[in-house]
Amino acid sequence: EALHLAHLERIPFENLDIVFGNGVSHDQSAAVDKIVGNGAVSARGGWCFELNGAFAMLLDALGYEVRLLGAAVLHDGPTEVIEHLLLEVASSLLEPHLVDVGFGDSFDVPLAANSAGVQTGRSGDFELIASPQGTTLTRHVDGVPAALLRFKRVAHAFTDFAAVAASMQVDPDKKWASHPFATRRLSDDERGTAATDGVQRVTLTTDRLKVQRGDEIDETPVDQRRWHMELDRWFGIVVPERPGD
């Protein structure tokens, strides 16, 4: 739980190398180097294949049993296309838990994978609902479960995700290469007087900055010049401006 929270606060979920750079390689060791910065202080993050891929290596090195799971993203409705990597983590002293540091606004602490009831994820209430199609991760909104992901608890190799990771970077309908964003969980110092539970997050999208502290939401438009300033201010990231920006 401590590692999960620390990662979400310090390592952003972002697609900036896809938008501003030459894309991202599908390589766990390369993801570790990008995030850790070869020992230097670094705020660089990435998308699910990088973040959960690197986090899996960390947990494995610490002695946890880690399974890579493939999930369909259900934000836009039912689909069976696997486009997300998440983790199932266990040990001799720990029952299986669902771990995900690469999905943006989701649960802030690991969820018990064998639980059939509602669980708090600190950022909200979540529930895992089993069916013949797989397990559906839901988030309760006004008491009603809304589907986020559907997955089967079947272990994958990291290379199994290479083809979809490559196609998502060039598919115009996915918008990974055209809509820059960065988001992370706020640290304790950044929350101020907000409640401990609930969404605590800063998100920078193409044209706006959103800072949410519990029920308090500060959302402001940003032009291109200010966009780069806010990226540096909140995420410590500097990317080259594209011609015409």
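The shown structure was predicted, so the numbers you read here are calculated from the model rather than taken from an experiment.

Draft legend 1. The pattern of salt bridges, seen in detail. Under the criterion given, the structure shown has 19 salt bridges. Among the salt bridges present, the one from E50 reaches K34, with a minimum N-O distance of 3.0 Å. Linking E50 in helix α4 (residues 48-61) with K34 in helix α3 (residues 28-36), this pair joins segments that are 16 residues apart in sequence. No difference in accessibility class separates E50 from K34, as the two residues are buried. Close ionic contact of R67 with E88 constitutes a salt bridge, the shortest N to O distance being 3.0 Å. On the criterion of sequence distance, the pair formed by R67 in strand β2 (residues 65-73) and E88 in strand β3 (residues 82-91) is long-range, its members being 21 residues apart. The class of R67 is partly exposed, set by a relative accessible area of 31%. On the basis of relative accessible area, E88 is assigned to the buried category, the value being 7%. Look at the salt bridges and you will find they share partners, linking E9, R10, D108, R185, D188 and R191 into a network.

Draft legend 2. Representation of the pairing of strand β4 (residues 94-99) in the model. Bridge analysis of β3 against β4 gives four bridges, and the strand direction is antiparallel. Opposite E88, over in β4, you have L98 as the bridge partner. From the end of β3 to the start of β4, which pair antiparallel, there are two residues. In the sheet, β4 pairs with strand β5 (residues 111-112) via two bridges, with the strands oriented antiparallel. When the bridges of β5 are listed, H97 appears paired with A112.

Draft legend 3. Summary view of the packing of helix α1 (residues 2-10) against α4. Contact geometry of α1 with α4 gives a least axis separation of 12 Å together with a crossing angle of 145°. Between α1 and α4 lies a crossing of right-handed hand. Packed against α1, whose contacting residues are L3, H4 and H7, the element α4 presents L51, F55, L58 and L59 at the interface.

Conventions we followed
Note that residues are indexed from 1 along each chain, following the sequence as it is written. Where totals are concerned, whole chains, interfaces and linings use all residues; where local detail is concerned, this predicted model gives features only for residues with pLDDT of at least 70, and gives and counts side-chain atom pairs only at 80 or more. Side-chain numbers here rest on the full set of heavy atoms in the structure, without hydrogens or water. When a carboxyl oxygen of Asp or Glu is within 4 Å of a side-chain nitrogen of Lys or Arg, the pair counts as a salt bridge. Where helices and strands are cited, they refer to DSSP runs of H or I of at least four residues and of E of at least two residues respectively, numbered from the N terminus. Burial status follows relative accessibility: with a 1.4 Å probe on protein chains alone, a residue under 20% of its type maximum counts as buried, one over 50% as exposed, and anything between as partly exposed. By definition, two strands form a pair when at least two bridges between them are found by DSSP. Note on definitions: angles span 0 to 180 degrees between N-to-C directions of axes, and those axes are lines fitted to C-alpha atoms, for helices only across the stretch in contact. Take the far helix as the reference: if the near one is turned anticlockwise from it by less than a right angle, the crossing is left-handed, and if turned clockwise, right-handed. Pairs of residues are marked as contacts when any of their non-hydrogen atoms sit within 4.5 Å.

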